[in-house]
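Here is how the chains run, residue by residue.
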Protein chains: 2
Amino acid sequence: MALGILGSEGEAALTMRRLADACGVTPMAIYHHVTDKAALLELAVNQVVLDALPGRTASPLPWREELVRTVSAFRNALVDNPGAGRVFVRQAVVGSGTAAVTEIMLRLLNEAGLTGDAVVEAADSLTLVVLGSVVNELTRPPAVRERLIGHLAESETPFLVQHLPAYAHRDPEKRFLRALGWLIDGFERDRDIGG
Amino acid sequence: MALGILGSEGEAALTMRRLADACGVTPMAIYHHVTDKAALLELAVNQVVLDALPGRTASPLPWREELVRTVSAFRNALVDNPGAGRVFVRQAVVGSGTAAVTEIMLRLLNEAGLTGDAVVEAADSLTLVVLGSVVNELTRPPAVRERLIGHLAESETPFLVQHLPAYAHRDPEKRFLRALGWLIDGFERDRDIGG
DNA sequence: ACCTGAACACCGTTCAAGT
DNA sequence: ACCTGAACACCGTTCAAGT
């Protein structure tokens, strides 16, 4: 029910009053099932994450492919459901879905040969890129970036003037995958030097 | 005035009514200076970004040091002023401050020897890490991560059980710098292979 | 255990009016 | 150009009460 509203009408539409209406009940009835609105949103968004996780394939892929697949599915679920994505970047979402993503990331980074603190730090890095990508897609569409020009004299921003068209007109998923690729390249180089 | 409230009392305290009170004026008077609340927040947060940018040093540092310095200053300003940080990850902030950061990033990546689309894609990657780090610090303190355990049977999450203490108890800025380092390593490797 | 009704303390914003 | 006063259409949440 909460998931339906969040998916079809967005975050702003998911108010206690509207959800109560949709359930044919009084707003206060909801408080018998969750402690407050943040808890309600946490449950709903965790479910979105849980639904997004790909099942383990029959024959497991190499760790790098599997990592990209998992992290992309995580990101895409939040970008494709903007209501859920907006909540995810505004409050913590702790549940079976986010626990499962974290477990998979840690397992694959172990498999990749990272050791010690590098494992958790690499998992953290991946999380940053996912969170950043969700914020970027949900709040900074290309048209917004084009407004960057004109806030400083053009002579003061030669590189911005030169690169803005390419900077603004991105293929969002491709840019995310490129950032992910560079980051994983960094992990690998670190592991090879360290080992 | 808006900056003062945002910095000292946080985002929730910056309402049209409270700002009007602080200015000794009616809420509606504000609408004569900005079109709506989003525009007000955009102006305030852009100013926070602008104030954070380090001036160019007398003798310029190597591009990598300068890049880390700039991007860190950008992130730290938003983490240190949670009100501004929360706004920044919820809506676009376009102004002289964000234009200046983008210009500096593009200039240094050019200096680094990146060419073509790699320049804007690398700038995008850096942005993702900054946005992600701000979200992470402002919404996911260590105590939150510890709640991850228990949402799945422990036998299903061996890696989470093993790594959670290290995963949860992070030095936030160090983790950010490590992610940044890996990413820039990735840029460099790419450039060296591509060239 | 589960739900209701009325109220409290807020929001951002519109509209018509004043100087 | 700049500001006021009153109102509209909402919020999340508390509290006391009902079954």
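These numbers were taken from a predicted model, which means no experiment stands behind them.

Participant: Looking at this model, I keep getting lost on the interface of chain A and chain B. Mind explaining?
Facilitator: Many structure descriptions define interface size as the accessible area lost when the parts assemble. Each partner contributes to the interface: chain A provides 64 residues, whereas chain B provides 63 residues. Across the chain A/chain B interface, buried area totals approximately 5800 Å², and carbon plus sulfur atoms make up 63% of it. At the boundary of chain A with chain B, the tally comes to 14 salt bridges. The closest approach of N and O atoms between B:D185 and A:R189, which form a salt bridge, is 3.3 Å. Inspection of the region where chain A meets chain B yields 24 residue pairs in polar contact (both at pLDDT 80 or more). Class assignment for the residues of the side of chain A that touches chain B results in 29 nonpolar, 16 polar and 19 charged.

Participant: How do you make sense of the pattern of salt bridges when you look at a structure like this?
Facilitator: A side chain of one charge can pair with a side chain of the opposite charge when the charged atoms of the two come close. Scanning the entire structure with this criterion turns up 28 salt bridges over all chains. Across the salt bridge formed by B:R178 and A:E121, the nearest N and O atoms sit 2.3 Å from each other. Taken as a pair, B:R178 in helix α11 (residues 172–194) and A:E121 in helix α8 (residues 117–139) lie in two separate chains rather than in one. Judged by relative accessible area, which is 27%, B:R178 ranks as partly exposed. A:E121 gets classed as buried once you look at its relative accessible area, which sits at 5%. A salt bridge links A:R178 to B:D190; the shortest N-O distance between them is 2.6 Å.

Participant: I tried to follow the packing of helix α5 (residues 63–80) of chain B against helix α8 (residues 117–139) of chain B on my own but got confused; where do I start?
Facilitator: When two helices pack together, their arrangement is given by the angle between their axes and by how far apart the axes lie. All names here are of chain B. Contact pair α5 / α8: the axes reach a minimum separation of 9 Å and the direction vectors enclose 30 degrees. The orientation of α5 relative to α8 falls into the category roughly parallel. In the packing of α5 onto α8, the handedness of the crossing is right-handed. Contacts between α5 and α8 involve L67, V71, F74, R75, L78 and V79 from the first element and L126, V130, S133, V134, E137 and L138 from the second. Of the residues assigned to the contact of α5 with α8, the class counts are 9 nonpolar, 1 polar and 2 charged.

Participant: Looking at this structure, I do not really get the protein's contact with DNA strand D. What am I missing?
Facilitator: Around DNA strand D there are 15 residues in total, and A:R17, A:M28, A:Y31, B:T26 and B:H32 lie nearest to it. Take A:R17: an N or O atom from its side chain is 2.5 Å from a base nitrogen of DNA strand D. Between DNA strand D and the protein, one listed contact pairs a phosphate oxygen with a side-chain N or O atom of A:K37 at 2.9 Å. Breaking the surface near DNA strand D down by element, the ones donating at least two residues are α2 (16–22) of chain A together with α3 (27–30) of chain B.

Each value, and the rule that gives it
- Residues numbered from 1 in each chain as written.
- Chains lettered and ligands numbered in written order.
- Predicted model: local features only at pLDDT ≥ 70, side-chain atom pairs only at ≥ 80, totals over all residues.
- Heavy atoms only, no water.
- Contact = heavy atoms within 4.5 Å.
- Buried area = accessible area lost by both parts, 1.4 Å probe.
- Salt bridge = Lys/Arg side-chain N within 4 Å of Asp/Glu carboxyl O.
- Polar contact = N/O pair within 3.5 Å; in protein donor to acceptor, adjacent residues only side chain to side chain.
- Nonpolar A, V, L, I, M, F, W, Y, C, P; charged D, E, K, R; others polar.
- Helix = DSSP H or I, 4+ residues; strand = E, 2+ residues; numbered from the N terminus.
- Buried < 20%, exposed > 50% of the residue type's maximum accessible area, 1.4 Å probe, protein only.
- Axes fitted to C-alpha atoms, helices over the stretch in contact; angles between N-to-C directions.
- Parallel < 35°, antiparallel > 145°, perpendicular 65-115°, else oblique.
- Left-handed = near helix turned anticlockwise from the far one by under 90°.
- Near = heavy atom within 4 Å.

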